Amino acid sequence: MQDSITPQITPDGLLGRHTAEDGALVLFSGGQDSATCLAWALTRFARVETLGFDYGQRHRIELECRAGFRDGLPEDWQARLGPDHTLRLDALGELSDTALTRETEIAMQADGLPNTFVPGRNLLFLTFAAALAYRRGLRHIVGGMCETDFSGYPDCRDDTLKALQVALNLGMERRFVLHTPLMWLDKGETWELAERLGGQKLVCDIVEKTHTCYRGERGERHPWGHGCAACPACELRARGWAEYRSRR
């Protein structure tokens, strides 16, 4: 199987050369990072589908935000946007005794990881994503994993994902490419990337239409979006917003 040529944006904003293999599947949770990754994919690939996971997370409201965000994308991106998929992973929620799957206070553990860490989550997400991509004929898989501004989750690290790409390609006899465009960006730079990709409209849509709060609180609207403003996810998002605004 020959490598495809990834389509690029030309000076007039149009996709450059692409082939039939240049379809992408984006892990789209409904949060800031995955929304930015979706925009990133839509500027690069001729066909883009999205995938979300319902694993009993207490912030399940993020899944409900996906449709509104997708519907608000520009017309030229809509033309390349394919179906949205949702997979239930109830077993992951049943196995996990974490602050993301139980009504418990968020805290650090003895091993140095926060109790928001769901063991195996990204490994399972990407494995199921690859299985879906296999069936849908999509070669590229895009995720919002990052080890610059993160909580220390080992399944967000670049080395982990490179190893997983090798395992998936060997185990499925495919040449999937795992893309992590946020891997080396802090949250301020993630906001900047969103602006470069879609201007202030995309930034505003991420603020208004996505959800990142671990507690799933949708009530108060802050300058950076909705959330409790106290959990690690909200704190990261707020700090990144402040850094982004200070750089303008």
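What counts, and at which threshold
Residues numbered from 1 in each chain as written. Predicted model: local features only at pLDDT ≥ 70, side-chain atom pairs only at ≥ 80, totals over all residues. Heavy atoms only, no water. UniProt positions renumbered as here; feature names shortened; annotations may be inferred. 1 Å grid on protein atoms, 1.4 Å probe; cavity = no way out; pocket = protein on both sides within 12 Å on 5 of 7 lines; lining within 4 Å. Points joined across faces, edges and corners; volume = space filled by probe spheres on them. Helix = DSSP H or I, 4+ residues; strand = E, 2+ residues; numbered from the N terminus. Nonpolar A, V, L, I, M, F, W, Y, C, P; charged D, E, K, R; others polar. Core = buried A, V, L, I, M, F, W, Y, C linked by side-chain atoms within 4.5 Å. Buried < 20%, exposed > 50% of the residue type's maximum accessible area, 1.4 Å probe, protein only. Contact = heavy atoms within 4.5 Å. Expected span 1.5 Å × (residues − 1). Polar contact = N/O pair within 3.5 Å; in protein donor to acceptor, adjacent residues only side chain to side chain.

The protein carries the name 7-cyano-7-deazaguanine synthase in an unreviewed UniProt entry, which gives Pseudoroseomonas cervicalis ATCC 49957 as its organism. Here the protein is described in UniProt, under the heading Pathway (unreviewed entry), as follows: "Purine metabolism; 7-cyano-7-deazaguanine biosynthesis." Under the UniProt heading Function (unreviewed entry), the entry covering the protein gives this text: "Catalyzes the ATP-dependent conversion of 7-carboxy-7-deazaguanine (CDG) to 7-cyano-7-deazaguanine (preQ(0))."

Caption draft 1: Examining empty space enclosed by the protein more closely. For the coordinates displayed, the defined rule picks out two cavities of 30 Å³ or more. Around the second largest cavity, the lining residues are Gly72, Leu73, Pro74, Trp77, Gly198, Lys201, Leu202 and Asp205. Per element, the largest residue contribution to the lining of the second largest cavity is four residues, and it comes from helix α8 (residues 187–209). Grouping the constituent residues of the lining of the second largest cavity by class yields four nonpolar, two polar and two charged.

Caption draft 2: Main features of the nonpolar core. In terms of nonpolar packing, the biggest core is built from 62 residues, with Leu38 and Ile141 touching the most fellow members. When contributions to this core are tallied by element, the ones reaching two or more residues are β1 (23–27), α1 (32–42), β2 (47–54), α6 (121–136), β4 (140–142), α7 (158–172), α8 and α9 (232–246). Excluding its chain neighbours within four sequence positions, the residues that come into contact with Leu38 are Val26, Phe28, Val48, Thr50, Phe69, Arg70, Leu73 and Leu81.

Caption draft 3: Examining α8 more closely. Given a rise of 1.5 Å per residue, 23 residues ought to cover 33 Å, yet the end C-alpha atoms of α8 are separated by just 18 Å, more than 12% below that figure. Next to the buried residues of α8 lie α1, α3 (66–71), α4 (75–78), β6 (221–222), β7 (225–226) and α9. The backbone nitrogen of Gly188 lies 3.1 Å from a side-chain oxygen of the residue at the head of α8, namely Asp186.

Caption draft 4: Examining unusual backbone geometry more closely. The backbone of Glu173 sits at a positive phi, close to 55 degrees, despite the residue not being glycine. Looking at the secondary structure, you find Glu173 in the loop between α7 and β5 (177–179). Backbone geometry at Ala229 places phi at a positive 70 degrees, although glycine is not the residue there. Tracing the chain through its elements places Ala229 in the loop between β7 and α9.

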